[in-house]
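# A closer look at the structure
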Amino acid sequence: VVSWSAMLSTYAYGGEADGAKACFESMPQRNVVSWNTMVVALVGTGDGAGQAKQLFWRMPSWDAVSWNAALAVTADGGDVSGAAAIFENMPERNATAWMSMISVYAQHGHLQGAGEIFERMKQQDRGCAAADSAAAWNSMVAAYAKAGHAKAAIEVFEAMQVDGVAPDASTFVILLTACSHQGLLEQCCYYFTAMIGDHGVTPGMDHYSSMISILGRAGQVDRAAEVAEAMPIRGD
RNA sequence: AUCCUGGGUU
C-alpha cells in the first residue's frame, strides 16, 4: 500500500490526473493515505476541485489530513465561508488546519477572521505543537504583511518572541518583504542584521534576494552589490 | 507514502 501510494503521489506531483486515477483504481488495497493522495491529485485539473470534493465525500474514513485537504480545495475555489464551515466541523484540528484557516482568511483580506482563529489556536492548543511553532506565528505575520500592515506584522513578530517562540528563517523572509513593500528600507537592513546576529538564523537565498531587490529598488546599487558579494554561494 | 506556513513573478 505504501509503494502504491508513493507512486500515486508521483503522478499527483506531475499533475497527471489520468495516471493517478488509473493507479488509484488498480491498487490492491487503499488506505486513508491513498485516498488523501488521490483527492489532492485531482486538484488543479480542469474541474478537479469538484471531483476532489466528490471523492472526499466518498472516502470510507477521514483523518486530519483528509479534512485539511478538503479545506484547501474549498478555499482554492474562493469559498471562504465554505472553508470556514469545514474548519468548524473538523473532528480534529492539527497545526496545519489552524495555519491553513488563518491563511485562507488572510488571502481574502479578512484580517479579523485570521486574528480570531489565531487567538483560538493559542487558547485551545497551548502547550501543544501548533501554538508554539514558528510556522503558526508566521502565518499571522504574513496575514498582516499581505494586507500591507508592516507595522502590525512587526508587532506580531515581537509578540512571538515574548511568547517564547523563536522566529525562524521563514519569519524573516516574511518580515523583510513586508518592510520592503512598505518602503521601510532601514528596517529591512536592521532585521537582516538582527536575524544573523541576534537570532542565529543563517541567511538563505531567499533572504539575500529579498535584500538585494529591496536595495535595488531603493536605488542603493552599491549596497545591493555588497550584499551579493557577501553571499556564500553563487546566486541565481 | 498523502495535507499545511513563508518570499519573489502571476
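Residues numbered from 1 in each chain as written. Chains lettered and ligands numbered in written order. Predicted model: local features only at pLDDT ≥ 70, side-chain atom pairs only at ≥ 80, totals over all residues. Heavy atoms only, no water.

### Re the packing of aromatic side chains
Here is the rule: When the centres of two rings from Phe, Tyr and Trp lie within 6.5 Å, Trp using its six-membered ring, the rings pair. Their planes under 30 degrees apart give stacked, over 60 give edge-to-face, and anything left gives tilted. Type-normalised accessible area, obtained with a 1.4 Å probe on protein chains alone, sets the label of each residue: buried when under 20%, exposed when over 50%, and partly exposed for intermediate values. The helix count covers DSSP runs of H or I at least four residues long, the strand count covers runs of E at least two residues long, and both are numbered beginning at the N terminus. Counted as over-ring charges are cases with an Arg CZ or a Lys NZ within 6 Å of the ring centre that also lie within 35 degrees of the ring normal.
If you walk through the whole model with that rule in mind, you get 13 aromatic pairs. Ring geometry for Trp-62 and Trp-67: centres 5.8 Å apart, planes at 45°, overall tilted. For Trp-67, a relative accessible area of 12% corresponds to the buried category. A ring pair is formed by Phe-192 and Tyr-208, whose centres lie 6.0 Å apart and whose planes are at 65°; its orientation type is edge-to-face. Of this pair, Phe-192 sits in helix H13 (residues 185-197) while Tyr-208 sits in helix H14 (residues 205-217), and the two are 16 residues apart along the sequence. By the burial criterion, Phe-192 is buried, and Tyr-208 matches it. For the cation-ring pair, Arg-30 lies above Phe-24, with the distance from its terminal atom to the ring centre recorded as 5.0 Å.

### Comments concerning the protein's contact with RNA strand B
Cut-off, in case you're wondering: Nearness is judged by heavy atoms alone; a residue qualifies as near a molecule or strand once a single heavy atom is within 4 Å of it. Whenever two N or O atoms come within 3.5 Å, that pair is a polar contact, provided that in protein one can donate a hydrogen and the other can accept it, and provided that, for residues adjacent in sequence, both atoms are side-chain atoms. All residues other than Ala, Val, Leu, Ile, Met, Phe, Trp, Tyr, Cys, Pro, Asp, Glu, Lys and Arg, Gly among them, are scored as polar; the first ten of these are nonpolar and the last four charged.
Around RNA strand B lies a shell of 26 residues, among which Asn-68, Thr-96, Ile-174, Thr-177 and His-181 are the nearest. Restricting the count to atoms of RNA strand B within 4 Å of the protein gives a sugar and phosphate share of 60%. For RNA strand B, a sugar or linking oxygen lies 3.1 Å from a polar atom in the side chain of Thr-37. For RNA strand B, a sugar or linking oxygen lies 3.5 Å from a polar atom in the side chain of Ser-100. Going through the elements one at a time, helix H1 (2-13), helix H3 (32-42), helix H5 (64-76), helix H7 (95-107), helix H10 (134-146) and helix H12 (169-181) are the ones with two or more residues in the surface near RNA strand B. For the surface near RNA strand B, the element with the highest residue contribution is H12, accounting for five residues. For the surface near RNA strand B, the residue count by class is eleven nonpolar, 14 polar and one charged.

### Considering the side chain of Ser-5
We count it as follows: Every residue pair with non-hydrogen atoms within 4.5 Å of one another is taken to be in contact.
Assignment of secondary structure puts Ser-5 in helix H1. Among the polar contacts made by the side chain of Ser-5, one reaches the side chain of Ser-34 at a distance of 3.3 Å. Ser-5 has contacts with Met-27, Asn-31, Val-33, Ser-34 and Thr-37, leaving out every residue within four places of it along the chain.

### Remarks on the state of the cysteines
Operational definition: The definition used for a disulfide is geometric: two cysteine sulfur atoms within 2.5 Å.
Evaluation of the coordinates by the stated rule reveals zero disulfides. Free cysteine Cys-179: the closest other cysteine sulfur is in Cys-188, separated by 4.7 Å. Assessed through its relative accessible area of 1%, Cys-179 is described here as buried.

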